[in-house]
Amino acid sequence: MHIKQLTLYTTRLSEQLDFYTNTLSFNLINQSETSFTIELGTSRLTFEFSKSAKSYHYALCIPSKQEVDALAWLKERVPIISHEGHEIQDFDFWNAKAIYFYDPDKNIVEFIARRDLKIEKDVIFSASSIKSIAEIGCPTFSIESIFLHLKENIGLALYSGNLERFGAIGTQTGLFICINPTVKNWFPNNDKAEIAD
């Protein structure tokens, strides 16, 4: 699966615009009074103003073995969310490494380097090293109903996990990360997962 376009909602449109285009230097491709869109490799991310916006958890794909360079690049710009003293998280069960940080909305943003995708390392890591949107978190009280809908309508399979607590649906190039907020919070900081548009 490939996530071509993702829209998230924000109560801090101007702060988010400044963060993503100035702090992180992502390419702005569209802007209006109520929204803006940035380019993330082969994906587009739109932030749209909403008074009732909640926090999200989403991931961006980076080159397969460039997490150390990505960490150094990020540390010049944002505080890193560490877990048990580690700034780079090792997901050996997914053959991947990940780094986490917050944006102004307290969205959890993840850079994930998946070894199995074999994406070549950039000579110098930069904002243009982002390859795509890799994951979007989807808290739900019924992972099974989300899974069945995605399976029946677009043929997605369960990539990892289960249908009770945590289920990653899709492929390594694009995943819906479904968690049941009554039994699980977001990694790595145990933030409460909120069901959001």
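Residues numbered from 1 in each chain as written. Predicted model: local features only at pLDDT ≥ 70, side-chain atom pairs only at ≥ 80, totals over all residues. Heavy atoms only, no water.

Peer 1: Is there a simple way to explain the side chain of serine 64 in this structure?
Peer 2: Tracing the backbone through its elements, the reader meets serine 64 in the loop between β5 (57-62) and α2 (67-75). In terms of polar contacts, serine 64 uses its side chain to reach the backbone carbonyl oxygen of arginine 114, at 2.8 Å. For serine 64, the contacting residues outside a window of four places in its chain are Ala113, Arg114, Arg115, Leu117, Lys118 and Ile119. (Helix = DSSP H or I, 4+ residues; strand = E, 2+ residues; numbered from the N terminus. Polar contact = N/O pair within 3.5 Å; in protein donor to acceptor, adjacent residues only side chain to side chain. Contact = heavy atoms within 4.5 Å.)

Peer 1: It is not clear to me how unusual backbone geometry should be interpreted in this structure. Could you clarify?
Peer 2: Excluding glycine, a negative phi dihedral is what most residues carry, and trans is how most peptide bonds are arranged. Note the cis peptide between phenylalanine 187 and proline 188, where omega equals 10°. Looking at the secondary structure, you find proline 188 in the segment after β12 (174-179). Backbone geometry places asparagine 95, a non-glycine residue, at a positive phi of 50°. Assignment of secondary structure puts asparagine 95 in the loop between β6 (89-91) and β7 (96-102).

Peer 1: Would you mind going over the packing of aromatic side chains with me for this structure?
Peer 2: When we look at a pair of aromatic rings, we describe it by the centre distance and by the angle of the planes. Tallied over the entire structure, the rule returns 15 aromatic pairs. On the basis of an interplanar angle of 35° and a centroid distance of 4.9 Å, the ring pair of tyrosine 20 and phenylalanine 47 is categorised as tilted. With tyrosine 20 in helix α1 (residues 13-23) and phenylalanine 47 in strand β4 (residues 43-49), the pair connects residues that are 27 residues apart, well separated along the chain. Residue classification places tyrosine 20 among the buried positions, given a relative accessible area of 0%. Ring geometry for tryptophan 94 and phenylalanine 166: centres 6.4 Å apart, planes at 40°, overall tilted. Of this pair, tryptophan 94 sits in the loop between β6 and β7 while phenylalanine 166 sits in strand β11 (residues 166-171); the two residues are 72 residues apart in sequence, bridging distant segments of the chain. Connected via pairs of aromatic rings, a cluster forms that spans Phe19, Tyr20, Phe26, Phe36, Phe47, Trp73, Phe101, Phe111 and Phe125. (Phe/Tyr/Trp six-rings, centres within 6.5 Å; stacked < 30°, edge-to-face > 60°. Buried < 20%, exposed > 50% of the residue type's maximum accessible area, 1.4 Å probe, protein only.)

Peer 1: Hey, could you run me through α1 in this one?
Peer 2: Since the α-helix advances by 3.6 residues per turn, residues separated by three or four positions end up pointing in the same direction. Buried within α1 are the following residues: Leu13, Gln16, Leu17, Phe19, Tyr20 and Thr21. Angular distribution of buried residues about the axis of α1 spans 165°; they occupy a single face of the element. Exposed residues lying more than 90 degrees from the buried face of α1 are Ser14 and Asn22. (Arc of directions from axis to C-beta.)

Peer 1: Would you explain the layout of surface pockets in this entry?
Peer 2: Empty space among the atoms becomes visible once a probe the size of a water molecule is rolled across them. The space that makes up the largest pocket amounts to roughly 290 Å³. Ranked by residue count, the leading element in the lining of the largest pocket is strand β9 (residues 132-137), at 3 residues. By residue class, the composition of the lining of the largest pocket is 9 nonpolar, 3 polar and 4 charged. (1 Å grid on protein atoms, 1.4 Å probe; cavity = no way out; pocket = protein on both sides within 12 Å on 5 of 7 lines; lining within 4 Å. Points joined across faces, edges and corners; volume = space filled by probe spheres on them. Nonpolar A, V, L, I, M, F, W, Y, C, P; charged D, E, K, R; others polar.)

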